[in-house]
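What follows is each chain in one-letter form.
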There are 2 protein chains.
Amino acid sequence: MERLIAPRKGRPVFGEFRKIVEEGFERYLAPNHDCPVRLRESMRYSVEAGGKRLRPVMVLLACEACGGDPTDAIPAAVAIEFIHTYSLIHDDLPAMDNDDLRRGQPTNHKQFDEATAILAGDGLLTLAFEILARDVKPADVAVACVLDLASAAGVDGMVGGQMADLQAEEGREPRVEGQGHDLGLSALGPEPSALSQLEAIHLRKTGRLLRSALTMGGRIAKADKNTIEMLDHFGKCVGLAFQIADDLLDITGDEAKMGKGVRKDAELGKLTYPGLLGLEESRRRAQSLIDEACRSIEPLGDRGLRLEALARFVLERDH
Amino acid sequence: MERLIAPRKGRPVFGEFRKIVEEGFERYLAPNHDCPVRLRESMRYSVEAGGKRLRPVMVLLACEACGGDPTDAIPAAVAIEFIHTYSLIHDDLPAMDNDDLRRGQPTNHKQFDEATAILAGDGLLTLAFEILARDVKPADVAVACVLDLASAAGVDGMVGGQMADLQAEEGREPRVEGQGHDLGLSALGPEPSALSQLEAIHLRKTGRLLRSALTMGGRIAKADKNTIEMLDHFGKCVGLAFQIADDLLDITGDEAKMGKGVRKDAELGKLTYPGLLGLEESRRRAQSLIDEACRSIEPLGDRGLRLEALARFVLERDH
């Protein structure tokens, strides 16, 4: 792991990419004249609460892997993290998952209040598109990024996935016209219908957004259509593996490191991969998805190595 | 009024523009494969609840007034109404204004539930940007529209205005670094500080979005910078007049026509124009703002007449 993400040719390493995007968050959340102070504080609170910054770093790595300058991808990296953060703020609300803690800190509505949390989420969501439109150049790349991010975050993607997830928890079969894009896992499992439902939820709830991190990075590097599709497939595999890893951590994880109560999903009777497939089979599938992801970007050659390393990190992380 | 918006040269009238944008809403909310049915129903419920469609019609009229084809402006018209609708859904939530009725119908969270209402709002907000990016051409115009709409709807505009409004209701002076862009009214009134605060809130909460309706319409017609600024000023005046008219209707309006309890603002002790200035002075100011708006677009000549008519309608409406 260390070897793969070590600096090559003087370029910044993973940790430096993380620092670069975090500086970007700060710049875009600097005080200005028209935003109420409490609202800005609330947005900063959740953005600065930390996290792995997986999505924004993926944007920069994808840009780099396609031969672009990762600096050009900072606005898109900031935008996707703001979208991710807004989704966490809204998902934590009492009417949704009703969580009091997130990354070991009070959730936004606990620290501020519900109205502020709703508006902070709305504000971050809207700001993401403002940033893309203002700072991604040239215009056709900016439009492509807005389209990638909006369709990934919207009702056919993340928002729809959260809705389906809530309905599944209530024991209601979510009525959707389709079941997402099957990666073939569901044909193998012991409970194909539940597994297919779980996969459909995660492909939308977390998968689409991760895919847009990759495609935006590629677009900013002016990658061709085939390369964008390659990155998209990489993102789809990594996204599912990430979710399986999350489910595994929910069972095996360390509460202090996770910053939230673990085994919560199992207690809630939520559908999880380990619940449906067992621990060993879940691990095996996550590994095979990461292998597929890495194989799929082989055509990028050495430039894709750090993207590969980040994909493998998804399985090794302990929080 | 009728005279001004009567058909000229075979072009559609105001009512037809309204029909055109409503057909647009339907097209963009048609069923597809990935959106959960309940979520789509919830979004359609609020979008189809009616309303004057002032903002989307303004987009089409502004485009027409600048010599463009209003048909080209339909995606932007749909996008701005989706943003307006999302803001109503979220503003009605129990944690915000806690309203049970909207336009005589149960509010979204009453008809569905809070989680669905939050997600329907998030979905409409995100879809607005997806529509702009997918269907506004060429790319530089699409980017300019995303920027107009996102900055108008965001924390420096509508979302910030709602936050400041909530804080003002709680009797907390909203701490903002600035007080918006003063139109000069506040220098004249009996309580300059309260009036200035009220004006600052409305310039952001409703004014910015209305301005973006005008500027997006102009951009789609490829209007030059001066014309866009002219439209922007028109929108700023009409937006404030609209808010004064709303405050007046809250006192003098007919509950059945308004579709909500009237005199609610006064009972809540909210800051209002009639409360600060009296009925007559409020009417006079609204009229003078509309006059200023109409004067400002005189350079557009006859092409601007229907835009003028819509501005005057703002004062004459009874709901």
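See the structure printed just above.
I will try to describe carefully the structure that is included in this document. None of these values were measured; they are calculated from a predicted model. Every chain is numbered independently, its residues counted from 1 as its sequence is written. For this description, chains carry letters from A and ligands carry numbers from 1, given in the order in which they are written. The model is predicted, so local features are restricted to residues of pLDDT at least 70 and side-chain atom pairs to those at 80 or more, both for listing and for counting; the totals for chains, interfaces and linings are taken over all residues. Computation of side-chain values: all heavy atoms of the structure, hydrogens and water removed.

Right, let's get into the relation of the copies chain B and chain A. Residues below a pLDDT of 70 in either copy are left out; the C-alpha atoms of the rest, at least 70 in both, set the least-squares superposition of the copies. Taken as rigid bodies, chain B and chain A are interconverted by a rotation of 180° and an axial shift of 0.0 Å, the fit giving an RMSD of 0.0 Å. In the structure described here, the two chain copies are related by an operation that fits a two-fold rotation axis. Two residues qualify as a contact provided that any one of their heavy atoms is within 4.5 Å of a heavy atom in the partner residue. Residue by residue, 100% of the interface of chain B is reproduced at the interface of chain A, so both copies engage with the same surface.

The next subject is the environment of B:R283. Residues and elements named next belong to chain B. Labels follow the DSSP assignment, with helices taken as runs of H or I lasting at least four residues and strands as runs of E lasting at least two, numbered in each case from the N terminus. Within the secondary structure, R283 sits in helix 15 (residues 279–296). C-alpha of R283 to C-alpha of Y273: the two residues are 10 residues apart in sequence and 9.3 Å apart in space. When near neighbours in sequence (up to four residues on either side) are disregarded, R283 contacts L248 and T252.

Once that is clear, we can look at the interface of chain B and chain A. Taken together, the contact pairs 56 residues of chain B with 56 residues of chain A. Buried area adds together the accessible area that both of two parts lose upon being put together, with accessible area traced by a 1.4 Å probe. Approximately 5,000 Å² of surface area, both sides summed, lies buried where chain B meets chain A, with 68% of it carried by carbon and sulfur atoms. Any carboxyl oxygen of Asp or Glu that lies within 4 Å of a side-chain nitrogen of Lys or Arg is treated as forming a salt bridge with it. Inspection of the chain B/chain A interface yields 2 salt bridges. Of the charged contacts in the structure, one is a salt bridge between A:D156 and B:R40, with a shortest N-O distance of 3.8 Å. Residues adjacent in sequence count toward polar contacts only when both atoms are side-chain atoms; beyond that, a polar contact is any pair of N or O atoms within 3.5 Å, and within protein one must be able to donate a hydrogen and the other to accept it. Linking chain B with chain A are 6 residue pairs in polar contact (both at pLDDT 80 or more). Elements that contribute at least two residues to the side of chain B that touches chain A include exactly helix 3 (37–47), helix 5 (74–92), helix 7 (114–135), helix 8 (139–153) and helix 9 (158–169) of chain B. The element contributing the most residues to the side of chain B that touches chain A is helix 7 of chain B, with 13 residues. Residue polarity follows a fixed list, in which Ala, Val, Leu, Ile, Met, Phe, Trp, Tyr, Cys and Pro are nonpolar, Asp, Glu, Lys and Arg are charged, and the others, Gly among them, are polar. Across the side of chain B that touches chain A, the residue classes tally to 29 nonpolar, 14 polar and 13 charged.

Helix packing geometry: the angle between the two helix axes and the distance between the axes. All names here are of chain B. Geometry is summarised by axes, namely lines fitted to C-alpha atoms with helices restricted to the contacting stretch, and by angles between N-to-C directions that run from 0 to 180 degrees. Contact geometry of helix 2 (residues 14–28) with helix 4 (residues 54–65) gives a least axis separation of 9 Å together with a crossing angle of 115°. Crossing hand, helix 2 versus helix 4: right-handed. Only P56, V57, L60, L61 and E64 of helix 4 make contact with helix 2, whose side of the interface consists of F14, F17, R18, I20, V21 and F25. In terms of residue class, the contact of helix 2 with helix 4 is made up of 9 nonpolar, no polar and 2 charged. We call a crossing left-handed when the near helix sits turned anticlockwise from the far one by less than a right angle, and right-handed when that turn is clockwise.

All names here are of chain B. Tracing the chain through its elements places I83 in helix 5. Accessibility here uses a 1.4 Å probe with only protein chains present; expressed as a share of the type maximum, an area under 20% marks a residue as buried, one over 50% as exposed, and anything in between as partly exposed. I83 sits in the buried class, given a relative accessible area of 0%. For I83 and S46, which are 37 residues apart along the polypeptide, the C-alpha to C-alpha distance reads 11 Å. Apart from the residues within four sequence positions on either side, I83 is in contact with L125, A128, F129, L149, A153, M158 and L209.

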